[in-house]
Amino acid sequence: QVQLVESGGGLVQPGGSLRLSCAASGMIFRIYNMDWYRQAPGKQRELVATITSRGSTNYADSVKGRFTISRDNAKNTAYLQMNSLKPEDTAVYSCHAHDTLAIRIGPGEYWGQGTQVTVSS
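Residues numbered from 1 in each chain as written. Predicted model: local features only at pLDDT ≥ 70, side-chain atom pairs only at ≥ 80, totals over all residues. Heavy atoms only, no water.

### Overview of the state of the cysteines
Point 1. Under the definition given, this model contains one disulfide.
Point 2. Across the disulfide, C22 is cross-linked to C95 (sulfur-sulfur distance 2.0 Å). Here the S-S torsion is close to -80°, and the disulfide linking C22 with C95 is therefore left-handed. Here C22 is found in strand 3 (residues 18–25), whereas its partner C95 is found in strand 9 (residues 91–99), with 73 residues between them in sequence. Of the two residues, C22 and C95, neither departs from the other in class, the shared state being buried. (Disulfide = S-S within 2.5 Å. Helix = DSSP H or I, 4+ residues; strand = E, 2+ residues; numbered from the N terminus. Buried < 20%, exposed > 50% of the residue type's maximum accessible area, 1.4 Å probe, protein only.)

As structure tokens, this is what we get:
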């Protein structure tokens, strides 16, 4: 049974920091590209950051320079370090995994349940 479980969300003041974690189980974590998405009420879901199975990263322009995505394959965990937080960063942040296989042998992608991040003074 594949599970992605996010943690680390909460309430923080503008300019503050949070680190989100995404703990994976039931999967060969190292072969998955890992993403963080976010969705605010009334807005489309936005891809925030990606880290591939090889360690390459990419960020949305809105978070570049402030957020850092990382992974620890030994712990089957992906992270999103969020610094210099702004009110517009307020959203539910969700972890997403997508395998790197050349063939389809299962669902191939999985979602966590999400964790709320609120940036407010």
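### Quick notes on the pattern of salt bridges
Point 1. Under the definition given, this model contains five salt bridges.
Point 2. The closest approach of N and O atoms between R38 and E46, which form a salt bridge, is 2.9 Å.
Point 3. For R38, a relative accessible area of 7% translates into the label buried.
Point 4. Where D61 meets K64, a salt bridge forms, and the shortest distance between an N and an O atom there is 3.2 Å. (Salt bridge = Lys/Arg side-chain N within 4 Å of Asp/Glu carboxyl O.)

### Overview of the packing of aromatic side chains
Point 1. Applying the stated criterion to the full structure yields two aromatic pairs.
Point 2. Judged by centre distance (6.2 Å) and plane angle (50°), the rings of Y32 and Y110 are tilted. A residue pair is termed long-range when its members are at least 10 positions apart, and Y32 in strand 4 (residues 32–39) and Y110 in strand 10 (residues 109–111) qualify at 78 residues. Y110 carries the same exposure label as Y32, and that label is buried.
Point 3. On the basis of an interplanar angle of 55° and a centroid distance of 5.0 Å, the ring pair of Y37 and W111 is categorised as tilted. Placement of the pair is Y37 in strand 4 and W111 in strand 10, with a sequence separation of 74 residues.
Point 4. One residue, R45, lies across the ring of Y37, its end atom 5.5 Å from the ring centre. (Phe/Tyr/Trp six-rings, centres within 6.5 Å; stacked < 30°, edge-to-face > 60°. Lys NZ or Arg CZ within 6 Å of the ring centre and 35° of its normal.)

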